[in-house]
Amino acid sequence: MELNEIGGRKIQDYCFSSDNTSCPKETRSTAVYVILYVFFISVLMLTVCGNLVVIISISHFKQLHTPTNLLLLSLAVADFLIGLIVMPFVMIRYIETCWYFGITFCAFFYAVVTLLSVVSLSNILLISIDRYLAVCDPLQYSNKITLNIICMCIILSWSFSVCYVAIMFSMNFKRSKNLNTCRGDCLFEMSGAWVIADMLICFILPYSVMIVLYMKIFIVAKRHAQVINLVTGKHYCRDGSNSKISKRSERKAAKTLGIIISVHLLCWIPYYLFSLAVENFNLSSYSIVMNSLLFLVYFNSTMNPILYAFFYPWFQKSTKEILTFRICDSASTLITLFPENH
């Protein structure tokens, strides 16, 4: 923390200079402010624009109206809202080291953050289950997993998240009000029991399920590959070729979504580890470290469309169609986005 020096005296900067209950403010050089704002605005724009492209692509192109892509659409909506609603306030608080929006909006801010985070997690869990059924039970997949069923799952996912946030805040809001001891701070603290419950519900249980499902997926995919290689080595025909392409497509999709889930996990692990060890930090360190870890969590929303751009050919082609305004043509909804051997 830097101090301004006037007339030989060092003057402490505060978030609200006219208020003697204001929190201290960390001052930085103009160059540092410019670098930080450019970086955060770039991340924010990438998050909003990248996820907006995903939303438009899946909504517009009929070929993308599949159960898995509907789950990706729901995930992209949550990531888009994080970029649009959450990141601007995170940027200001992180750079200015002050919260200028009041205690009431602070509580609303954390409610929105928690809601969108739980939605993202539940959608990724649903994606894992969807890929498991597609790879491990392909014959029954189209009968079990329909667009209507996926829409119902998405509605339940968002509804569960709203209920979870309501319960969490009703049990921890009063406790957190005592944390904000000076004007210009915005902290939210959960009780020790709720931290453990939150870790079980939103971390250990869902990720354990995901890991088990993906272990089974890759075991089955490896077995499929061995059988396909054995069969095609003896007999090659058109149907066999199509079967091979189909199964290879499912394995590729499972691998890609496995990478997305791994990135999600890496962004969340530091936050939960710190939550368990929070009692070992003083209040000022808590604020600094927690803000940094929360930004890493939000950065996951930036990474998802980047991963789509690397691994999904349909995303690359749909982005080109959107940027060239070809989607304004009414016939563009029927454009083929997949290569023949996808």
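Treat the numbers as computed from the prediction; the structure is a model and nothing was measured.

Rules used in this analysis
- Residues numbered from 1 in each chain as written.
- Predicted model: local features only at pLDDT ≥ 70, side-chain atom pairs only at ≥ 80, totals over all residues.
- Heavy atoms only, no water.
- Helix = DSSP H or I, 4+ residues; strand = E, 2+ residues; numbered from the N terminus.
- Buried < 20%, exposed > 50% of the residue type's maximum accessible area, 1.4 Å probe, protein only.
- Contact = heavy atoms within 4.5 Å.
- Areas by Shrake-Rupley, 256 points an atom, 1.4 Å probe, with all protein chains shown as cover.
- pLDDT = per-residue confidence, 0-100.
- Arc of directions from axis to C-beta.
- Salt bridge = Lys/Arg side-chain N within 4 Å of Asp/Glu carboxyl O.
- Core = buried A, V, L, I, M, F, W, Y, C linked by side-chain atoms within 4.5 Å.
- Polar contact = N/O pair within 3.5 Å; in protein donor to acceptor, adjacent residues only side chain to side chain.
- Axes fitted to C-alpha atoms, helices over the stretch in contact; angles between N-to-C directions.
- Parallel < 35°, antiparallel > 145°, perpendicular 65-115°, else oblique.
- Nonpolar A, V, L, I, M, F, W, Y, C, P; charged D, E, K, R; others polar.
- Patch = residues over 30% accessible without salt bridge, like charges linked within 9 Å, V, L, I, M, F, W, Y side chains within 5 Å.
- Left-handed = near helix turned anticlockwise from the far one by under 90°.

Engineer: Could you give an account of the overall build of the protein chain, with specific residues and numbers?
Structural biologist: Looking only at helices and strands, one finds nine helices and two strands in the protein chain. Each helix and strand of the protein chain, placed in order from N terminus to C terminus, yields the pattern β-β-α-α-α-α-α-α-α-α-α. Taking all 342 residues of the protein chain together, the buried fraction comes to 46%. Sequence-distant contacts, at least 24 apart, represent 73% of the contacts inside the protein chain between residues at least 6 apart. Split by element, the accessible area of the protein chain, about 18,100 Å² in all, is 67% carbon and sulfur.

Engineer: How would you sum up the confidence of the model for the protein chain? Please name residues and give values.
Structural biologist: Scored by pLDDT, the protein chain comes out at a mean of 79, with 78% of its residues at no less than 70. Across residues 280–284 the pLDDT falls below 50, and counting only partners more than four positions away or on other chains, this stretch makes six contacts in the model.

Engineer: Which residues make up helix α9 (residues 313–323), and what values go with them?
Structural biologist: Burial in α9 covers these residues: Trp314, Phe315, Ser318, Thr319, Glu321 and Ile322. For α9, the buried positions fall inside an angular range of 160° around the axis, keeping them on one side. Of the exposed residues in α9, those oriented more than 90 degrees away from the buried face are Lys320 and Leu323.

Engineer: Before we move on, can you summarise the pattern of salt bridges with the specific residues and values?
Structural biologist: A full pass over the atoms with the stated rule returns four salt bridges. Taking the shortest distance from any N to any O, the salt bridge between Asp137 and Lys144 comes out at 2.9 Å. Relative accessible area serves as the criterion here: at 22%, Asp137 is assigned to the partly exposed category. With a relative accessible area of 42%, Lys144 lands in the partly exposed category. Across the pair Glu321 and Arg326 runs a salt bridge, and its minimum N-O distance is 3.3 Å. For Glu321, a relative accessible area of 4% corresponds to the buried category.

Engineer: How would you sum up the nonpolar core? Please name residues and give values.
Structural biologist: Formed by 88 residues in total, the largest nonpolar core has its most connected members in Val86, Phe109, Tyr110, Tyr298, Tyr308 and Trp314. Broken down by secondary-structure element, the contributors of at least two residues to this core are α1 (30–60), α2 (67–96), α3 (102–136), α5 (147–177), α6 (192–234), α7 (238–276), α8 (283–311) and α9. Element by element, the count of residues in this core is highest for α3, at 16 residues. Of all hydrophobic cores here, the second largest spans five residues; its members include Cys15, Phe16, Cys23 and Cys98.

Engineer: For the environment of Ala166, give the residues involved together with the corresponding values.
Structural biologist: Relative to the assigned elements, Ala166 resides in helix α5. Judged by relative accessible area, Ala166 falls into the partly exposed class, the value being 48%. Linking Ala166 and Ala111, residues 55 residues apart in sequence, is a C-alpha distance of 8.2 Å.

Engineer: For the side chain of Ser332, give the residues involved together with the corresponding values.
Structural biologist: Take Ser332: it is sitting in the segment after α9. In this structure the side chain of Ser332 is engaged in a polar contact, spanning 3.1 Å, whose partner is the backbone oxygen of Ile327.

Engineer: Account for the packing of α1 against α9, with residues named and values stated.
Structural biologist: Their axes nearest at 10 Å, the elements α1 and α9 cross at an angle of 90°. With respect to α9, the element α1 is oriented roughly perpendicular. Residue-level inspection shows Gly50, Val53, Val54, Ile56, Ser57 and Ile58 of α1 in contact with α9, the latter providing Trp314, Phe315, Ser318, Thr319 and Ile322. Of the residues in the contact of α1 with α9, the class split is seven nonpolar, four polar and no charged.

Engineer: If you had to explain a nonpolar patch on the surface to someone new, which residues and values would you point to?
Structural biologist: Taken together, the side chains of Phe160, Ile196, Leu200, Ile201, Ile204 and Leu205 define a hydrophobic patch exposed on the protein surface, amounting to about 530 Å² of accessible area. Considering each element in turn, the nonpolar patch owes the most residues, five residues, to α6. Here Leu205 lies in helix α6.

Engineer: Tell me about the packing of α1 against α2, and name the residues and values.
Structural biologist: Direction vectors running N to C along α1 and α2 enclose 165°, while the axes themselves pass 8 Å from each other. Accordingly, the angle class assigned to the pair α1 and α2 is roughly antiparallel. At the point where α1 passes α2, the crossing takes the left-handed sense. The residue inventory of the contact of α1 with α2, partitioned by class, reads 23 nonpolar, five polar and two charged.

Engineer: Go over unusual backbone geometry with me, naming the residues and quoting the values.
Structural biologist: Among all residues save glycine, negative phi is the norm, and among peptide bonds the norm is trans. In the Ramachandran plot, Thr97 falls in the positive-phi region, its phi being about 60° despite a non-glycine side chain. Mapping Thr97 onto the fold places it in the loop between α2 and α3. A positive phi angle, close to 60°, is found at Phe325, a residue other than glycine. The exposure class assigned to Phe325 is exposed, which follows from its relative accessible area of 61%.

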